[in-house]
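Listed here are the chains, written in short residue letters.
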Amino acid sequence: TREFVGNHRTLLKIVVLGDSGVGKTALLHQYVDGKFIQTHQATIGADLLTKTVEVDNITVSMQIWDTAGQERYDALGSAYYRGADGCIFVYDITNKSSFEHLNQWRQNFLSNAADEHAPVFKFLLLANKSDLANDGRKVTSEEGERYAQSSGMTFFETSAKNGNNVNQAFVALIRDIASAEEVALYSTEVAERIKMVEQEMDGKNQKPNMNCGC
Ligand code: GDP
Ligand code: MG
């Protein structure tokens, strides 16, 4: 069920994807509790976190799905993706292969998340562990930005450890989704009106024919 206030959705499903160890769980806890957790005990299935925030005078509740240690591309069932409004892709700037795997995660999301009710997905790309930029960076900011741009993602370098950019990134995602929702609702409405007008026109066009011959 999808909840609205005016034209705005108020309950959002966000999923988080990326290789094991990139800091997905740490990022979510930094965002939700404002704390850095060193280690996280992976549970079976998906971990759900919720957070309610006010962005641009709209109160939005987010249900954030975390992989809970099942980072094989084929290990996440379609329920994980279904109905998602947005997806946060995460890589670790000190781990090149986590960056190289982004395409696979993106493909996975796109092939599983298709949902007629959420036609516009919003993507956030987080280049995490920016606190380690001076010792051991393997992916430059430019590489990250370029990938994000070519894949339609909003890009931030973040640190779950010191909290840098974490809140900003989530706010950007919520704004993206909120504005996309308005556009999607608007175009549905417009499409319906066009259909009505067309049907009306059809009716009018047929009338002379049906009455013809009198
Ligand atoms: P996940 O497998 O993607 O959920 O990754 P975790 O959140 O479990 O983090 C994996 C490891 O990276 C843990 O040891 C975290 O403490 C560490 N970590 C996560 N985020 C950061 C960060 O921003 N900076 C640093 N230095 N370490 C981090
Ligand atoms: Mg995790």
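Calculation notes
Residues numbered from 1 in each chain as written. Chains lettered and ligands numbered in written order. Predicted model: local features only at pLDDT ≥ 70, side-chain atom pairs only at ≥ 80, totals over all residues. UniProt positions renumbered as here; feature names shortened; annotations may be inferred. Helix = DSSP H or I, 4+ residues; strand = E, 2+ residues; numbered from the N terminus. Buried ≥ 20, exposed ≤ 12 C-beta atoms within 10 Å, placed from the backbone. Contact = placed C-beta atoms within 7 Å. Pairing = 2+ DSSP bridges. Axes fitted to C-alpha atoms, helices over the stretch in contact; angles between N-to-C directions. Core = buried A, V, L, I, M, F, W, Y, C linked by C-beta atoms within 7 Å. Near = placed C-beta within 6 Å. Nonpolar A, V, L, I, M, F, W, Y, C, P; charged D, E, K, R; others polar.

As recorded in an unreviewed UniProt entry, the protein chain goes by the name Ras-related protein Rab-7b, listed as coming from Reticulomyxa filosa. Listed in UniProt under the heading Sequence similarities (unreviewed entry), the comment for the protein chain reads: "Belongs to the small GTPase superfamily. Rab family."

(A) The overall build of the protein chain, seen in detail. Within the protein chain, the regular secondary structure consists of six helices and eight strands. Beginning at the N terminus, the succession of helices and strands in the protein chain can be written as β-β-β-α-β-β-α-β-α-α-β-α-β-α. Put simply, the protein chain has 214 residues, and 33% of those count as buried. Contacts in the protein chain between residues far apart in sequence, at least 24 positions, make up 73% of those at least 6 positions apart.

(B) Here's a closer look at the sheet that holds strand β6 (residues 86-92). Across the sheet, which stays open at both edges, the six strands sit in the order β4-β5-β3-β6-β7-β8 with mixed pairing between neighbours. Looking at strand neighbours, the two that pair on one side only are β4 (47-55) and β8 (153-157), the edges of this open sheet. Strand-to-strand twist in this sheet, taken as the mean axis angle between neighbours without regard to direction, amounts to 25 degrees. Relative to strand β7 (residues 122-128), β6 runs parallel, the two sharing seven bridges. Following the sheet pairing, I88 is matched in β7 by L124.

(C) Representation of the nonpolar core in the model. Counting 48 residues, the largest nonpolar core has V15, C87, I88, F89, L125 and L126 as the members making the most contacts within it. Ranked by residue count, the leading element in this core is helix α6 (residues 166-211), at seven residues. If we skip the residues at most four places from it in the chain, L125 touches F89, G144, Y147, A148, M153, T154 and F155.

(D) Geometry of the site of ligand 1. The immediate surroundings of ligand 1 are formed by 18 residues, with G23, K24, T25, A26 and A160 found nearest. In terms of residue count, helix α1 (residues 24-33) provides more of the shell around ligand 1 than any other element does, three residues in total. Here the shell around ligand 1 is composed, by residue class, of four nonpolar, ten polar and four charged.

(E) Layout of the pairing of β6. Counting buried positions along β6 gives seven out of seven residues, so the element sits mostly inside the fold. The side-chain alternation of β6 yields two buried faces, one formed by G86, I88, V90 and D92 and the other by C87, F89 and Y91.

(F) Main features of unusual backbone geometry. Even without a glycine there, the phi angle at K129 is positive, about 75 degrees. K129 sits in the buried class, given 26 other C-beta atoms within 10 Å. Even without being glycine, N165 reaches a positive phi, approximately 70 degrees. As for its placement among the helices and strands, N165 is situated in the loop between β8 and α6.

(G) Looking closely at the pairing of β7. The buried fraction of β7 amounts to seven of the seven residues, a majority that puts the element mostly inside the structure. What you see with β7 is no split at all: K122, L124, L126 and N128 on one side and F123, L125 and A127 on the other are buried throughout. As paired elements, β7 and β8 share five bridges and run parallel to each other. Residue pairing in the sheet places A127 in a bridge with E157 of β8.

(H) Spatial organisation of α1. Of all ten residues that make up α1, seven are buried, and the element is covered over most of its length. By the burial criterion, the buried members of α1 are K24, T25, A26, L27, L28, Q30 and Y31.

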